[in-house]
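# Structural overview
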Amino acid sequence: MECLFSYGTLKNKEVQLETFGRELVGSKDQLLGYKLEMVEIKDQSVVALSGKAHHPIAVASQDKNDFVSGVIFEITPKELEQSDLYEVRDYKRVTGEFKSGQKAWVYVQA
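What counts, and at which threshold
- Residues numbered from 1 in each chain as written.
- Predicted model: local features only at pLDDT ≥ 70, side-chain atom pairs only at ≥ 80, totals over all residues.
- Heavy atoms only, no water.
- Buried < 20%, exposed > 50% of the residue type's maximum accessible area, 1.4 Å probe, protein only.
- Helix = DSSP H or I, 4+ residues; strand = E, 2+ residues; numbered from the N terminus.
- Arc of directions from axis to C-beta.
- Core = buried A, V, L, I, M, F, W, Y, C linked by side-chain atoms within 4.5 Å.
- Contact = heavy atoms within 4.5 Å.

### Brief notes about helix H3 (residues 77-86)
The periodicity of an α-helix, 3.6 residues per turn, causes residues three or four positions apart to be oriented the same way. Looking only at H3, the buried set comprises Glu79, Leu80, Ser83 and Tyr86. Each buried residue of H3 lies within a common arc of 110° when the element is viewed along its axis, so the set occupies one face. Every exposed residue of H3 that faces more than 90 degrees away from the buried side is listed here: Lys78, Glu81 and Leu85.

### Observations concerning the nonpolar core
Of all hydrophobic cores here, the largest spans 31 residues; its most connected members are Phe5, Tyr7, Leu31 and Tyr91. Among the elements that make up this core, the one with the highest residue count is strand S5 (residues 67-75) (five residues). Non-local contacts of Tyr91, meaning those with residues more than four positions away in its chain, are made with Tyr7, Val39, Ile41, His55, Pro56, Ile57, Tyr107, Val108 and Ala110.

What follows is the structure in structure tokens.
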């Protein structure tokens, strides 16, 4: 299994059902050293699925006290590949540092 942290549209049931074919189960956590900004999504298929033209994006912060709240989901390696296809070029997948100490992938500003 893989772990994936979501703070945005991948938390939405409709996006999960369309992207993974199931509703994900996870636990709340906090991504450390990042803050949220908004990015305009130009991929119309992503906008149609999420219902939003602007999505949150985690941006590395100089303030170590900054954090982003979200959920860590357990997914399969295939589902991780599917999430890569869902995310647009503004995002890159990295390993994040979390308040719980758990290891998980997260999409942040590219």
